[in-house]
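Residues per chain, in single letters:
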Amino acid sequence: MAQGAGAAAVAVIRLRNPPVNALSLAVLQALEDGLKRADADPSVKAVMICGENGKFSAGADIRGFSSPKRHGTALGPIISLIERSDKPVVAAIEGIALGGGLEVALGCHYRVAHVKARMGLPEVTIGLLPGAEGTQRLPRLIGVPAALDMITTGKHILATEALKLGLVDEVVEENTVEAAIRLANKVIEIKPQVSHTDLFFPGQPLGPRRLSLKPVPKLPNMEAFLRDALVKVKKQARGFLAPELCFQAVKAATEQPFADGVRKERELFNILLSSGQAQALQYAFFAERAVQKWTTPSRASWKSASPQPIHKAAVIGLGTMGRGIVTCLVKANIPVVALEQNVEYLNMGRKAVMLLLEREAMKMEQGAQTLDFHNPARLQFTVDFDVLWDVDLVIEAVFESMALKKEIFRKLSKTCKPGAFLCTNTSALNIDDIASVTSHPQQVIGTHFFSPAHVMRLLEIVYGHHTSPTTIATAMQLAKALKKVGVVVGNCFGFVGNRMMFPYVQQAVFLLEEGSRPEAVDQVLEDFGFKIGPFRMSDLAGLDVGWRSRKDQGLTGASLPPGTPARQRHGHRYSPLPDLLCENGRFGQKTGKGWYQYEKAGGRTAKPDPWLHNFLAQYRDTHHIKSRFIDQEEILERCLFPLINEGFDILAEGIASGPEHLDVIYINGYGWPKHRGGPMFYASTVGLPRVLAKLQKYSEAHPDVPGLKPSAFLKKLVAVGSPPLKEWMSCLSRQSNKL
């Protein structure tokens, strides 16, 4: 265990728990035993702590948070043991030092990091705070502003930034362990000036290296800084508790002695641990991993299907989505051919793609990475379909028109090699119809990207009737290469995300008819945790997009049969409000007016519009609708419960293989607040009997709205005693196929 230089010996303690050296109870016990042995051994003069296999430690095992045994060996006391050691302790940080892993390093007297190492305290992302004295040590080391930024966001920083902040003492490009041992030897070669506990290194005793003894660096305006920081944290958190409690813990470090600050940290940690939010975030964490293990009703699965390698890809269409998709592929180091219908559109698209890539390159350079996009072997622009003869995969990202998509897939079927995978970035159209014009329908799949495609993490992967397991596996592998969350779903109008979104938006508009206002509805949903409410979202996306779709469906416009009641379609309630706004040229932000007014066309600041309020009043008069006050509870339930209800129908139809799939889609693609776990998890916390009772109540009040009629699957789950979410699908498999 001991390694040394000359007569001086450095004990080496390795954290060993593959793959990321999580701090399990066994690892903590071994760390404690190793420290005590080193302390008792007179031949050991210093200690070096490192991780096995080029990783320091990713911190506590998330599965342990809910374990009743986790309090057996607590991390905090072990870190105190490290810090109190009379022998200098050096951390050698390679790969990652996250959460409890970084807290261990903060307990050490010196920290050496490899240039590619990443550090962070990401506990906030699972609804917790650093619970092993990290909220008290970090501000003492790097100051309050930098510590608050790291702890309240959970962001990872690279070693070079850590060095600038003073988080590490040295950054090396070679063997970090050897560098840490060299540093330890330097420390012990310096003769003690006073006593064993006052070892000097560059003129500095060991005492001040103990962070618990250091004061928090003062700011000239600490109170004002903290006041402003709290406002910012609350604004960004939108009802998410953990960032605010992280703030309170760091604030305690500025006001109280170390031991009192630690007590406050523990108290706040326990509040979060028992909160529903921590459970929701931990559920979301595991749900994201669960959806990687995909299955289909025909028994195809991740276990038996192998992906094919993608050496070269193509993107057809360089509109908003196509540009983002090209950017994703280039960032993933996949050579790509970008195709447009004519030279004018190609040049516009090329300019936009280059601008996006330049921005991405700047971001990556800050993280010491480079992006090679000027090389024609990596990125080629063309108007010639024949150039696609050797690509392994094509992503079509043209306008949402079935006729246009079919025309393109016919061409692709003739041009591309027989083994090429043909993907369509459609948000709702039938995959089987598109595949029907090709000679290899088994290689056709939906890859529904979300805008902006180079930012949004979700990729809805839609298999058709003929799609092969290999094609699904390859699309999932592509999602992983693009650093996206791929979720495999079945083929139906709107797939999962947009199909569930339809009743949500529909109810929001019905609420306006009945007496509410766009700003009232948006406020309730933003207070719930959505970054943006349905009407601000509609203005951002453009009202004309939905209008065009409704005209294509014959719901409005010239193809609507004469004499059709204004507020009814096919015997069901319909609101013409969005159509009327479009007829008035109100398309949202792009025209400066929509559900809100903006400072100019293309403006971003939404303001309530008196014209719209007056328009709604006139509309209600015209259609003899008695306006009523609608409270926040009804707004929330009317928008969310029909969305959840649609989710139960989707599960019953086998479109998605579990509720986790729906939740991952909503968190990563639709702005559902992560601290509420996703719509189906939220339904399980509200209680299925309550969701059912409210849907029944609203359905009775509005019998002409099918989206409010409770799903047969929801009714069945309530009838069998509302089992936990993980048991829902086993209840379904016992059902008749008529569900």
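Everything below is about the structure printed above this text.
For the structure given in this document, a descriptive report is provided here. (Residues numbered from 1 in each chain as written. Predicted model: local features only at pLDDT ≥ 70, side-chain atom pairs only at ≥ 80, totals over all residues. Heavy atoms only, no water.)

## Comments concerning the packing of aromatic side chains
Inclusion rule: Stacked, tilted and edge-to-face are the three classes applied to pairs of Phe, Tyr and Trp rings, where Trp contributes its six-membered ring and a pair requires centres within 6.5 Å; stacked means planes under 30 degrees apart, edge-to-face means over 60, and tilted covers the rest. Only DSSP runs of H or I with at least four residues qualify as helices, and only runs of E with at least two residues qualify as strands; both kinds are numbered from the N terminus onward. Categorising residues by exposure relies on relative accessible area from a 1.4 Å probe, with only protein chains included: less than 20% of the type maximum marks a residue as buried, more than 50% marks it as exposed, and the intermediate range marks it as partly exposed. The criterion is that NZ of a Lys, or CZ of an Arg, lies within 6 Å of the ring centre and within 35 degrees of the ring normal, and then a charge sits over that ring.
A full pass over the atoms with the stated rule returns 15 aromatic pairs. Centroid distance F535 to W595: 4.8 Å. Interplanar angle 65°. Geometry classified as edge-to-face. Of this pair, F535 sits in helix α19 (residues 534-541) while W595 sits in the loop between α21 (577-583) and α22 (610-622), and the two are 60 residues apart along the sequence. The residues F535 and W595 share a single accessibility class, namely buried. An aromatic cluster of three or more residues is present, and its members are Y504, F528, F530, W672 and Y682. One Lys or Arg, K551, reaches over the ring of W547 and ends 3.6 Å from the middle of that ring. Above the plane of the ring of Y574 lies R569, whose end atom (NZ or CZ) is 4.1 Å from the centre.

## Topic: empty space enclosed by the protein
Our working rule: Of the grid points, spaced at 1 Å and generated over the protein atoms alone, those admitting a 1.4 Å probe that cannot get out make up cavities, while open sets with protein on both sides within 12 Å along at least five of seven lines make up pockets; any residue with an atom within 4 Å of a point is treated as lining. Grid points are joined across faces, edges and corners, and a volume is the space filled by probe spheres set on the points. When residues are grouped by polarity, Ala, Val, Leu, Ile, Met, Phe, Trp, Tyr, Cys and Pro land in nonpolar, Asp, Glu, Lys and Arg in charged, and all others, Gly among them, in polar.
Tallied over the full model, the rule gives one cavity of 30 Å³ or more. In this structure, the largest cavity encloses a volume near 40 Å³. Taken together, A284, A287, E288, D663, V664, I667, N668 and K674 make up the full set of residues lining the largest cavity. If you list the elements that add at least two residues to the lining of the largest cavity, you get α11 (276-290) and α24 (659-669). At four residues, the largest contribution of residues to the lining of the largest cavity is made by α24. In terms of residue class, the lining of the largest cavity is made up of four nonpolar, one polar and three charged.

## Quick word on the layout of surface pockets
By volume, the second largest pocket is sized at about 530 Å³. Lining the second largest pocket are 22 residues; nearest its centre among them are Q279, Q282, Y283, F286 and F681. If you list the elements that add at least two residues to the lining of the second largest pocket, you get α11 and α25 (679-686). The residue makeup of the lining of the second largest pocket, split by class, is 11 nonpolar, six polar and five charged.

## Considering unusual backbone geometry
In this chain, P18 is followed by P19 through a cis amide linkage whose omega measures 5°. Mapped onto the fold, P19 is located in the loop between β2 (8-15) and α1 (25-40). Here the residue pair S451 and P452 is connected by a cis peptide bond, since its omega of -5° sits within 30 degrees of zero. Structurally, P452 is set in the loop between β17 (444-449) and β18 (458-463). The phi angle at E133 is positive, at roughly 75°, despite the residue not being glycine. Position of E133 among the secondary structure elements: in the loop between β7 (118-120) and α4 (134-142).

## Digging into the packing of helix α17 (residues 497-514) against α22
We apply this condition: Comment: axis = line fitted to C-alpha atoms, over the contacting stretch for helices; angle = value between 0 and 180 degrees taken between N-to-C directions. Angle categories are assigned with fixed cut-offs, so that under 35 degrees is roughly parallel, over 145 is roughly antiparallel, 65 to 115 is roughly perpendicular, and the rest are oblique. Contact criterion: two residues are considered in contact whenever any of their non-hydrogen atoms come within 4.5 Å of each other.
Packing of α17 against α22 brings their axes to within 9 Å, and their N-to-C directions diverge by 80°. Relative to α22, the element α17 is oriented roughly perpendicular. For the pair α17 and α22, the contacting residues are L512, E513 and E514 in the first and L616, Y619 and R620 in the second. The residue inventory of the contact of α17 with α22, partitioned by class, reads three nonpolar, no polar and three charged.

## A closer look at helix α20 (residues 543-552)
For clarity, the cut-off: Each C-beta atom gives one direction from the helix axis, and the arc is the one those directions make.
Within α20 the residues assigned to the buried category are L543, D544, W547 and R550. One face of α20 carries all of its buried residues, which in axial projection span an arc of 120°. Looking at the packing, one finds that the buried side of α20 touches α19 and α21. Backbone geometry just after α20 places G554 at a positive phi near 75°.

## Digging into the pairing of strand β15 (residues 393-396)
Our working rule: Note on pairing: two strands pair once DSSP finds at least 2 bridges between them. With the strands aimed away from the viewer, a crossover counts as right-handed if its path from the first strand over the helix to the second runs clockwise.
The alternating pattern of β15 places L393 and I395 on one face and V394 and E396 on the opposite face, and all of these are buried. Here strand β12 (residues 313-316) runs beside β15; their pairing, made up of four bridges, is parallel. Opposite I316, over in β15, you have E396 as the bridge partner. The pairing of β15 with strand β16 (residues 421-424) spans four bridges and is classified as parallel. Its bridge partner lying in β16, V394 is registered against L422. Between β15 and its parallel partner β16, the chain crosses via helix α14 (residues 402-415), and the hand of that crossover is right-handed.

## Side note on the sheet that holds β16
An order of β14-β13-β12-β15-β16-β17-β18-β19 is seen for the eight strands of this open sheet, with the pairing classed as mixed. This sheet does not close on itself; its edge strands, each paired only once, are β14 (379-382) and β19 (485-489). Taken over all neighbouring pairs, the strand axes of this sheet differ in orientation by 25° on average, direction set aside. Docked against the sheet, helix α12 (residues 320-331) engages β12, β13 (336-339), β14, β15 and β17, running at close to 165° with respect to β12. Each of β18 and β19 touches α24; the most contacted strand, β19, lies at about 135° to it.

## Considerations on the state of the cysteines
Using the following cut-off: Two cysteine sulfurs form a disulfide in these notes if their separation is within 2.5 Å.
Overall, the coordinates contain zero disulfides when judged by the stated rule. Unpaired in this structure, C423 has its nearest cysteine sulfur neighbour in C416, at a distance of 11 Å. C423 sits in the buried class, given a relative accessible area of 2%. Distance from the sulfur of C639, which forms no disulfide, to the nearest cysteine sulfur (C582) is 19 Å.

## A closer look at the side chain of R499
Heads up, the condition is: Definition of a polar contact: a pair of N or O atoms within 3.5 Å, with one able to donate and the other able to accept a hydrogen when the atoms are protein atoms, and with sequence-neighbouring residues admitted only if both atoms are side-chain atoms.
Relative to the helices and strands, R499 resides in helix α17. Taking the relative accessible area as the measure of exposure, R499 reaches 15% and is therefore buried. Of the polar contacts made by the side chain of R499, one reaches the side chain of E646; its length is 2.8 Å. Filtering out sequence-adjacent residues up to four positions away, R499 remains in contact with C492, F493, G494, E646, D649, I650, E653 and I655.

## A look at the sheet that holds strand β8 (residues 156-158)
Across the sheet, three strands lie side by side as β5-β7-β8; this open sheet has mixed pairing. Because the sheet does not close on itself, it has two edges, and the strands there are β5 (96-98) and β8. Going from strand to strand, the sheet's axes swing by 20° on average, the running direction of each strand aside. Bridge count between β5 and β7: three bridges; the pairing is parallel. Bridging from a neighbouring strand, L98 pairs with G120 of β7.

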